There are 4 protein chains.
Amino acid sequence: MSVTGEKGPYVLVVRCPDRKGIVAAVSTYLARHDASITESNHFNDAINDLFFMRTVFRADGPEFPDLAALKEGFAPIAAAHDMRWELHDMGVKPKVVIAVSKFGHCLYDLLHRQRSGILRMDIPAVVSNHDDMRSFVEWSGIPYHHLPVGRDNKAEQEARFTQIIKDSGADLVVLARYMQILSPEFCDVLEGRCINIHHSFLPSFKGAKPYHQAHDRGVKIIGATAHFVTRALDEGPIIEQDIQRVDHSHTPDDLVNMGRDVECAVLARAVKWQLEHRIIMDGKRTVIFR
Amino acid sequence: MSVTGEKGPYVLVVRCPDRKGIVAAVSTYLARHDASITESNHFNDAINDLFFMRTVFRADGPEFPDLAALKEGFAPIAAAHDMRWELHDMGVKPKVVIAVSKFGHCLYDLLHRQRSGILRMDIPAVVSNHDDMRSFVEWSGIPYHHLPVGRDNKAEQEARFTQIIKDSGADLVVLARYMQILSPEFCDVLEGRCINIHHSFLPSFKGAKPYHQAHDRGVKIIGATAHFVTRALDEGPIIEQDIQRVDHSHTPDDLVNMGRDVECAVLARAVKWQLEHRIIMDGKRTVIFR
Amino acid sequence: MSVTGEKGPYVLVVRCPDRKGIVAAVSTYLARHDASITESNHFNDAINDLFFMRTVFRADGPEFPDLAALKEGFAPIAAAHDMRWELHDMGVKPKVVIAVSKFGHCLYDLLHRQRSGILRMDIPAVVSNHDDMRSFVEWSGIPYHHLPVGRDNKAEQEARFTQIIKDSGADLVVLARYMQILSPEFCDVLEGRCINIHHSFLPSFKGAKPYHQAHDRGVKIIGATAHFVTRALDEGPIIEQDIQRVDHSHTPDDLVNMGRDVECAVLARAVKWQLEHRIIMDGKRTVIFR
Amino acid sequence: MSVTGEKGPYVLVVRCPDRKGIVAAVSTYLARHDASITESNHFNDAINDLFFMRTVFRADGPEFPDLAALKEGFAPIAAAHDMRWELHDMGVKPKVVIAVSKFGHCLYDLLHRQRSGILRMDIPAVVSNHDDMRSFVEWSGIPYHHLPVGRDNKAEQEARFTQIIKDSGADLVVLARYMQILSPEFCDVLEGRCINIHHSFLPSFKGAKPYHQAHDRGVKIIGATAHFVTRALDEGPIIEQDIQRVDHSHTPDDLVNMGRDVECAVLARAVKWQLEHRIIMDGKRTVIFR
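Computed from a predicted model, the values in this text were never measured in an experiment.

Caption draft 1: Layout of the interface of chain A and chain B. The interface of chain A with chain B comprises 36 residues on the first partner and 36 residues on the second. When chain A packs against chain B, the two sides together hide about 3,200 Å² of surface, and 52% of this comes from carbon and sulfur. When the buried surface of chain A facing chain B is broken down by residue, Arg 217, His 248 and Arg 285 of chain A rank first, second and third, together holding 24% of it. On inspection of chain A and its partner chain B, the count reaches 8 salt bridges. With its nearest N and O atoms 2.6 Å apart, the salt bridge here joins Arg 245 of chain A to Glu 240 of chain B. Joining chain A to chain B, the criterion identifies 21 residue pairs in polar contact (both at pLDDT 80 or more). Looking at the side of chain A that touches chain B, the elements with two or more residues in it are α7 (210-217), β11 (238-245), α8 (252-275) and β13 (285-288) of chain A. For the side of chain A that touches chain B, the residue count by class is 15 nonpolar, 9 polar and 12 charged.

Here is the structure:
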């Protein structure tokens, strides 16, 4: 079981009731197995009495087994502390399916970040209810699935979408300006592994045409919000938000154009954090170790 | 009627239906009276077909009468174009009454800006429903009016507040974290000349305890909004907004503390723009020439 | 000479010594020719006693001639006020040649903005000293010119580059992370119509490897600067700058990656303003009417 | 040695060569003494092979001795890992001496933050080479030391300043726009415990009149930098920086005024982090656990 050469990085993500000795238990286990911590963040949610931890480590030495054995050995410690936990090899690229409609800016942005190595992911499929983005996606070497949604075929197309997710082994689904209301059943399928970008600073301006709502209210700042998809429209746990100053001279169409950049930036950060296992759910809020 | 030496700056603020020749008419009138434009902004609201203009000028020459005569001469031009307009001598300091409750940060900030010359205003009175800020206000040489509001005396105290505004000749009333719901009648008294700071990014989190609402929703950015006071609570025309990033580790109390800086900054900018006649109402929106 | 139907928008950009009556002269001339001002900004540089103006107008009426006649009629007014001026039809798309090396992010960004209509320009050519970006550029339908620069052929390749600019009728050249030191002669060819993006917050970290310099100095914010190209390396008039927060945990490579977004954003804004004739030179500074 | 009731929070700050088992050793020691970690951050500087850790804990149980005994017990662990370390009771307020000249905005800001509990510190003395701020400082109940510096008495006044620091038991000296060049000897006295605010975005615009330098260069963003004082003027390790957008219309005097807010904000954050033991030196860079 001895190994030569450094392995990893690996990342351990933990959520458990707060009590004494958690860090000692975890770090002692890691040290005993020749693991060396390179990055670690802890957070104690005193309001709900919960403890959150993300630890990145490399391993180099005879006591480091393979990842499966490390997990197996960790399981009793996790059980003793009532942990929800995950342990990932950061060398394995997550698989991400992207959905888009007619606005391509977020899709372009994600694909260029993937190509240039900024986002470490594989993209086995792009799904769209329109055919506009086919050329760019196929030039990028990614299969394009055109699933037009009409009055009567939503359930059918959601079933196809679900099958694509399953077949591709997707770890994450990204709704990159996918302009479709999802059925509650499909939301359940996606729960916990689907990020949406909403083009407003939630909870302001939920629902349709948020930039027009923003113009009408005369706000001086517009924004975008990346959040996990849940059954409640635009109500899922918020991952990231950012804003853009505007003024009286901007028409609703100007806001639509100006908002593109902040939508791209916010969505790209949310996806990156999810790929790097930096996000932990805390009820309807998110803990994010950046 | 001849004058020697440069006069001004003066500022002319105009709002009127959009049509050809407005700028020509105004600038020709000013040029004929030896006025020299130093700063000017125009905005055409194409949606409502309105034209907005703010022009700063100095005057130096025999054709410049006094301000009263300049106004008199301008009146027919204004009438011909259906203008709402104001013409101010920027050398005259506006009078500003400030109201505060227990949180003093915005008050401190405004008074220091006034003292250091950043905000050109006179402060004839500070009004409060508490006595906490008396010492600092009186050290600053400003009369302090303690008007405690209980269950039965709101109308009475609002009448006193109204009298203070009238006696002091206030051009502007600033609610610098004044934690009282105003009666509709008092809102009418204040309409168009009263700025409030709300400690959220409106329209999110209206009403009480916005930082607690923000924490509960798990937003990643908090904000503050300066707006004109109208009868509808936290619904008046927005003047300025700004934001502050937060994360999962911040408690509601942290948000309260972190929000102070952005409240001060937003309110100070709104007051400055009003003092400099940069704000023009456009329905429930504001045009701001910065 | 009568016309029917609205024409424009057109944009008039003026720089002249400050004196009374400029606005009156210009706006009266426009009004007389049935032009209606939709947007206008004036700036008086009191330090250098200069006046800057940008006026956008539409025309609708019998007194509006064609643009050539409008220019001809304006020439004597301009001469009387010692104006440097330009008058453009905003319906005509400027031609922009883009140069790139191996980092493609700014190029991708500019091409997507062009395709989606955010940047109104035609791109007759992309020039590169490497061949990496050929596939994407050609997929976009734009001719790709590979001009590899070695020890001995710089003058020759700059001559080819100059010819491409000339043949394409380019109004603007954008150096989108083009990693070549230009000869003084080529800088002269480009002067006034070439924008470069430098990956630091100038004047900090001029020259090579600015992100490594920034890491070494331990700054907490990195930035990017778009500027006009002049003979003095990284010393030309600044058009736009923006920043990104960083911290101790970021390696120089992290800074390189994080900087990409701010480089794209800064360059895109600078190009947009130039396309919309919003930038006027004021010595080694720029006046920008946004 | 048994105790009842929760104690703390305490904060342990560690810097040492990176090796396996550091976190295990520290956290096991804390757990054995009934300490409960509430907040922790680790950072591994791979370039210099150093490990940094900040751990906040509370203690509640029979195994928690007093702080002195906890330190004593920790010393051998620290020695075994070559640690530089500090262990503080966060209930003890640090003592901070503030120096100021004629610009009072940072001083006002710090004093109001102290009064309102945002900054947990005692201020035993304010030192100034001018007498302008006496009234506000004395109204705040803080002794004011007027040490005018002329051509011949700098050494003498620096000796008095040093004595005030010594007598007051100051943990930190803050130069809140103290406009004096310090002698190398006095810099040595202050090293590691003195924060200065410089009114530019370092390394741009070192030395005198940075806002005038910024205007002259035509930058579009100004900034401020809080840094530790060292012998090299404006070259000490940077703690915090922030920026403010400006444009062509702003005169050097405008920049001076606009810069005040960002100076206050940057300095206040730097002081807060130092008071909370969040800053660790890493050569000429700083590690900051926020």
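Still more ground to cover, so stick around.
Caption draft 2: Examining the sheet that holds strand β8 (residues 172-175) of chain A more closely. Residue and element names in this part refer to chain A. If you trace the 7 strands from one edge of the open sheet to the other, you get β7-β6-β5-β8-β9-β10-β11, paired in mixed fashion. The open sheet has two free edges, formed respectively by β7 (144-146) and β11, since each of these has just one partner strand. If you compare each strand with its neighbour and ignore which way they point, the axes differ by 15 degrees on average. Across 4 bridges, the pairing between strand β5 (residues 95-100) and β8 is parallel. When the sheet's bridge partners are listed, Ile 98 is paired in β8 with Val 174. Relative to β5, helix α3 (residues 105-115) is tilted by about 155 degrees, and along the sheet it contacts β5, β6 (122-128), β8 and β9 (194-198).

Caption draft 3: Region of the structure containing the interface of chain A and chain D. Listed as interface residues are 18 residues of chain A and, on the opposing side, 18 residues of chain D. Between chain A and chain D lies a buried interface of about 1,500 Å² when both sides are counted; carbon and sulfur atoms form 52% of it. Linking chain A with chain D are 2 salt bridges, by the criterion used here. Taken together, the connections running from chain A to chain D amount to 8 residue pairs in polar contact (both at pLDDT 80 or more). Breaking the side of chain A that touches chain D down by element, the ones donating at least two residues are α1 (22-32) and β2 (35-45) of chain A. The element that contributes the greatest number of residues to the side of chain A that touches chain D is β2 of chain A, accounting for 8 residues. Broken down by class, the residue content of the side of chain A that touches chain D amounts to 6 nonpolar, 9 polar and 3 charged.

Caption draft 4: Looking closely at the sheet that holds strand β1 (residues 7-17) of chain A. On the basis of which strands lie adjacent, the open sheet formed by 8 strands has the order β4(A)-β1(A)-β3(A)-β2(A)-β2(D)-β3(D)-β1(D)-β4(D) and antiparallel pairing. In this open sheet, the two strands that pair with only one neighbour each are β4 (84-89) of chain A together with β4 (84-89) of chain D. If you compare each strand with its neighbour and ignore which way they point, the axes differ by 15 degrees on average. Two elements, strand β2 (residues 35-45) of chain D and strand β3 (residues 50-59) of chain D, share 10 bridges in a ladder whose sense is antiparallel. Along β3 of chain D, the bridge assignment pairs Ala 35 of chain D with Ala 59 of chain D. On the sheet, helix α2 (residues 67-80) of chain D packs against β1 (7-17), β3 and β4 of chain D and is oriented at approximately 165 degrees with respect to β4 of chain D.

Caption draft 5: Examining the relation of the copies chain A and chain D more closely. For the match of chain A to chain D, the screw axis carries a shift of 0.0 Å, the RMSD comes to 0.0 Å, and the turn is 180 degrees. On this basis, the relationship between the two copies can be described by a two-fold rotation axis. Comparing interface residues between copies, 100% of those in chain A also lie at the interface in chain D; the contact surface is shared.

Caption draft 6: Spotlight on the pattern of salt bridges. Residue and element names in this part refer to chain A. Counting across every chain of the model gives 84 salt bridges over all chains. Taking the shortest distance from any N to any O, the salt bridge between Arg 134 and Glu 138 comes out at 2.9 Å. In this pair, Arg 134 and Glu 138 are both assigned in helix α4 (residues 134-139), 4 residues apart and thus about one turn of the helix distant. The class of Arg 134 is partly exposed, set by a relative accessible area of 26%. A single salt-bridge network, built from bridges that share partners, covers Glu 39, Arg 54, Lys 272, Glu 276 and Arg 278.

Caption draft 7: Structural view of the pairing of β11 of chain A. All names here are of chain A. Summarising burial for β11: 6 of the 8 residues are buried, a large majority. Relative to β11, strand β10 (residues 221-228) is paired through 7 bridges, and the arrangement is antiparallel. Looking at β11, one finds that Ala 226 is bridged to Glu 240.

Caption draft 8: Focus on the side chain of His 198 of chain D. Residues and elements named next belong to chain D. Summarising the element assignment, His 198 is placed in strand β9 (residues 194-198). With relative accessibility at 4%, the residue His 198 sits in the buried group. A distance of 3.5 Å separates a polar atom in the side chain of His 198 from a polar atom in the side chain of Asp 234. For His 198, the residues in contact, after removing those within four places along its chain, are Phe 205, Lys 206, Gly 207, Pro 210, Ala 224, Thr 225, His 227 and Asp 234.

Caption draft 9: Expanded view of the packing of aromatic side chains. Summed over the entire model, instances satisfying the criterion amount to 46 aromatic pairs over all chains. With a centroid separation of 6.0 Å and 25 degrees between ring planes, the pair formed by Phe 136 of chain B and Trp 139 of chain B is classed as stacked. On the criterion of helical spacing, the pair formed by Phe 136 of chain B and Trp 139 of chain B is a turn pair, its members being 3 residues apart in helix α4 (residues 134-139). For Phe 136 of chain B, a relative accessible area of 2% corresponds to the buried category. An aromatic cluster is present here, built from Tyr 108, Phe 136 and Trp 139 of chain A together with Tyr 108, Phe 136 and Trp 139 of chain C joined pairwise through their rings.

Here is what the cut-offs are and how they apply
Position numbers for residues count from 1 along each chain, tracking the sequence in the order it is written. Whichever chain is written first becomes A and whichever ligand is written first becomes 1, with later ones labelled in order. Given that the model is predicted, a residue must reach a pLDDT of at least 70 before its local features are reported, and side-chain atom pairs must reach 80 or more before they are shown or counted; all residues, however, enter totals for whole chains, interfaces and linings. To obtain the side-chain values, all non-hydrogen atoms of the structure were included, while hydrogens and water were left out. Note on definitions: a residue-residue contact is assigned when non-hydrogen atoms from the two residues lie within 4.5 Å. Buried area is a sum: the accessible area each of two parts loses on coming together, probed at 1.4 Å, counted once for each and added. Salt bridges are defined by distance alone: a side-chain nitrogen of Lys or Arg within 4 Å of a carboxyl oxygen of Asp or Glu. Polar contacts here mean pairs of N or O atoms no more than 3.5 Å apart (in protein, one a potential hydrogen donor and the other a potential acceptor; neighbouring residues in sequence count only if both atoms are side-chain atoms). Going along the chain from the N terminus, every DSSP run of H or I of four or more residues is numbered as a helix, and every run of E of two or more is numbered as a strand. Under this grouping Gly is polar, as are all residues other than the nonpolar Ala, Val, Leu, Ile, Met, Phe, Trp, Tyr, Cys and Pro and the charged Asp, Glu, Lys and Arg. A strand pair is defined by DSSP finding two or more bridges across the two strands. Fitted lines through C-alpha atoms serve as axes, helices being fitted only where they are in contact, and the angles separating the N-to-C directions of these axes extend from 0 to 180 degrees. Copy-to-copy superposition: least squares on the C-alpha atoms, limited to residues that have pLDDT of at least 70 in both copies. For every residue, the accessible area (1.4 Å probe, protein chains only) is compared with the maximum for its type, and the residue is labelled buried under 20%, exposed over 50%, or partly exposed between those bounds. Two rings belonging to Phe, Tyr or Trp (six-membered ring only in the last case) form a pair when the distance between their centres is within 6.5 Å. Interplanar angles under 30 degrees mark stacking, angles over 60 mark edge-to-face geometry, and anything in between is tilted.

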